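Observations on chain architecture
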Amino acid sequence: MSQSRPHSLRFRFAIASLLWVGIATLLAGVVISDLYRRHVTHTFVGDLTNHLDELTMLTMPGAGGAPVMFRPLSDPRFQDPRSGFYWQIEQNGRPALTSRSLEGHHIVPASGSGSPSPYWTRDHGEKLLRIDRPGAGGLSFSITASGRVLEKLDFEALRPVLL
């Protein structure tokens, strides 16, 4: 068999093919990675929204108008101190009830936008994904998750691929 010389047409086609395959592989990796990250984030926000629905359904005005919860949220991560999953119920702009995971701290009160869309904020130096929902009787509900939780989710799911 003859060997390809650097100036032959066969050699140039082989190099061009390798370059195109390499570029296509890199682009596919970037696109698939972005699609995966969007999917994980969308699923995560959906889960947080479900927890927010649960929080609003479990909360009723108690004696004197202060909010009271019938039972804790079903997800135990809201009970684990500094787990990265937090909720807070505000009454007239002040924290009235907070999750056990906050360990007596509170989340900076909502800006008052009342937007149900998730947004990123910072609190106590921690990046948080937050969803707020206004409620009846001056109540406002907030569910937050630390950015480190979402990053860990991304890494945990990609670990089998990386190893």
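So, how was this worked out
- Residues numbered from 1 in each chain as written.
- Predicted model: local features only at pLDDT ≥ 70, side-chain atom pairs only at ≥ 80, totals over all residues.
- Heavy atoms only, no water.
- Helix = DSSP H or I, 4+ residues; strand = E, 2+ residues; numbered from the N terminus.
- Expected span 1.5 Å × (residues − 1).
- Buried < 20%, exposed > 50% of the residue type's maximum accessible area, 1.4 Å probe, protein only.
- Salt bridge = Lys/Arg side-chain N within 4 Å of Asp/Glu carboxyl O.
- Patch = residues over 30% accessible without salt bridge, like charges linked within 9 Å, V, L, I, M, F, W, Y side chains within 5 Å.
- Areas by Shrake-Rupley, 256 points an atom, 1.4 Å probe, with all protein chains shown as cover.

Describing helix H1 (residues 9-58)
In this model, H1 (50 residues) spans 73 Å end to end at C-alpha, consistent with the 74 Å of a helix rising 1.5 Å per residue. Considered for burial, the residues of H1 that qualify are Val40, Phe44, Val45, Leu48, His51, Leu52, Glu54, Leu55 and Leu58.

Thoughts on the pattern of salt bridges
Throughout the structure, instances matching the rule amount to six salt bridges. One salt bridge in this structure joins Asp34 and Arg38, with 3.0 Å as the shortest N-O distance. Of this pair, Asp34 and Arg38 are both found in helix H1, four residues apart, which corresponds to roughly one turn of the helix. Of the charged contacts, one joins Glu90 and Arg130 as a salt bridge, the two residues approaching to 3.5 Å between their closest N and O atoms. In this pair, Glu90 is assigned in strand S3 (residues 85-91) and Arg130 in strand S6 (residues 126-134), connecting sequence segments 40 residues apart. Comparing Glu90 with Arg130, the two get one shared label, buried. Taken together, the shared-partner salt bridges connect Glu90, Arg130 and Asp132 into one network.

Looking at a nonpolar patch on the surface
On the surface, a nonpolar cluster with roughly 750 Å² of combined accessible area is contributed by Phe11, Ile15, Leu18, Leu19, Trp20, Ile23 and Leu27. Tracing the chain through its elements places Phe11 in helix H1. Since its relative accessible area comes to 31%, Phe11 is described here as partly exposed.

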